[in-house]
Amino acid sequence: MSEKTPYFVHKSSYVDEGAEIGEGTKIWHFCHIQSNAKIGENCSLGQNVNVGSRAVIGNGVKIQNNVSVYDDVIIEDDVFCGPSCVFTNVINPRSFVERKHEYKKTLVKKGASIGANATIICGVTIGEYAFIGAGSVVTKDIPPYSLAFGNPAKIHGRVDEAGCKQ
């Protein structure tokens, strides 16, 4: 952080013109923040994070290493995204078929946690304070305060706001 920018960007990272980054946010090694991306205050983006131009990240979000937040992914305040978790934005990708007009909105609500290596299929909503276990594949909406894991992810209980199983 400096007088010029109220946030920190490591010298190996790129922030494209037009990106909005909130005060106190830290962007670590080898990240790319695309133009028009919106990142809130006091966030931490680990090594090798990519944020798409139509992605929105709230305040107090922690995104661990090797995560791509693609276009039309909305992450609300205080969300945790574990290392190498995956967001998708097209339900049926093919390299030879252009489907940018078919991106589906994915919403991760306030306080939710996504474990390492979990995959979030586009078009779902993860509810407030829900907890997604490591390695899970989320194919359907997850209700608030749910503990969900597996492939496909299924609900196995409830958690409180601190992430403790009830």
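Up top is the structure.
Keep in mind that what you see is a predicted model, and the values were worked out from it rather than measured. Numbering of residues begins from 1 in every chain and follows the order in which that chain's sequence is written. With the structure being a predicted model, the display of local features is reserved for residues of pLDDT at least 70 and the display and counting of side-chain atom pairs for 80 or more, all residues being used for whole-chain, interface and lining totals. With hydrogens and water excluded, all non-hydrogen atoms of the structure serve as input to the side-chain values.

### Describing the side chain of Asn50
Locating Asn50 in the fold gives a position in strand 8 (residues 50-51). We call a residue buried when its accessible area falls under 20% of the maximum for its residue type, exposed when it is over 50%, and partly exposed in between, using a 1.4 Å probe and counting protein chains only. Under the relative-accessibility criterion, Asn50 is labelled buried at 17%. Pairing of N or O atoms within 3.5 Å defines a polar contact, subject to two protein rules: one partner must be a possible hydrogen donor and the other a possible acceptor, and residues neighboring in sequence count only if both atoms are side-chain atoms. A distance of 3.3 Å separates the side chain of Asn50 from the side chain of Gln34, its partner in a polar contact. When checking whether two residues touch, look at their non-hydrogen atoms; a contact exists if any pair is within 4.5 Å. Aside from chain neighbours lying at most four places away, what touches Asn50 is His32, Gln34, Val67, Ser68 and Val69. In DSSP terms, a helix is any run of H or I states spanning at least four residues, a strand is any run of E spanning at least two, and both are numbered starting from the N terminus.

### A word on unusual backbone geometry
Each neighbour pair has its own omega, and for Asn151 with Pro152 the value is 0°, a cis peptide bond. Its place among the elements puts Pro152 in the loop between strand 21 (146-149) and strand 22 (154-158). The backbone of Asn36 sits at a positive phi, close to 75°, despite the residue not being glycine. Relative to the assigned elements, Asn36 resides in the loop between strand 5 (32-33) and strand 6 (38-39). Phi is positive for Asn117, which is not a glycine, with a value near 60°. Within the secondary structure, Asn117 sits in the loop between strand 16 (113-114) and strand 17 (119-120). According to the relative accessible area criterion, Asn117 is partly exposed, its value standing at 49%.

### Points about the environment of Gly60
By the element assignment, Gly60 lies in the loop between strand 9 (56-57) and strand 10 (62-63). On the accessibility criterion, Gly60 (21% relative accessible area) is partly exposed. Once the C-alpha coordinates of Gly60 and Lys26 are considered, the two residues, 34 residues apart in sequence, prove to be 11 Å apart. Contact partners of Gly60, with chain neighbours within four places excluded, come to Glu41, Asn42, Cys43, Asp78 and Val79.

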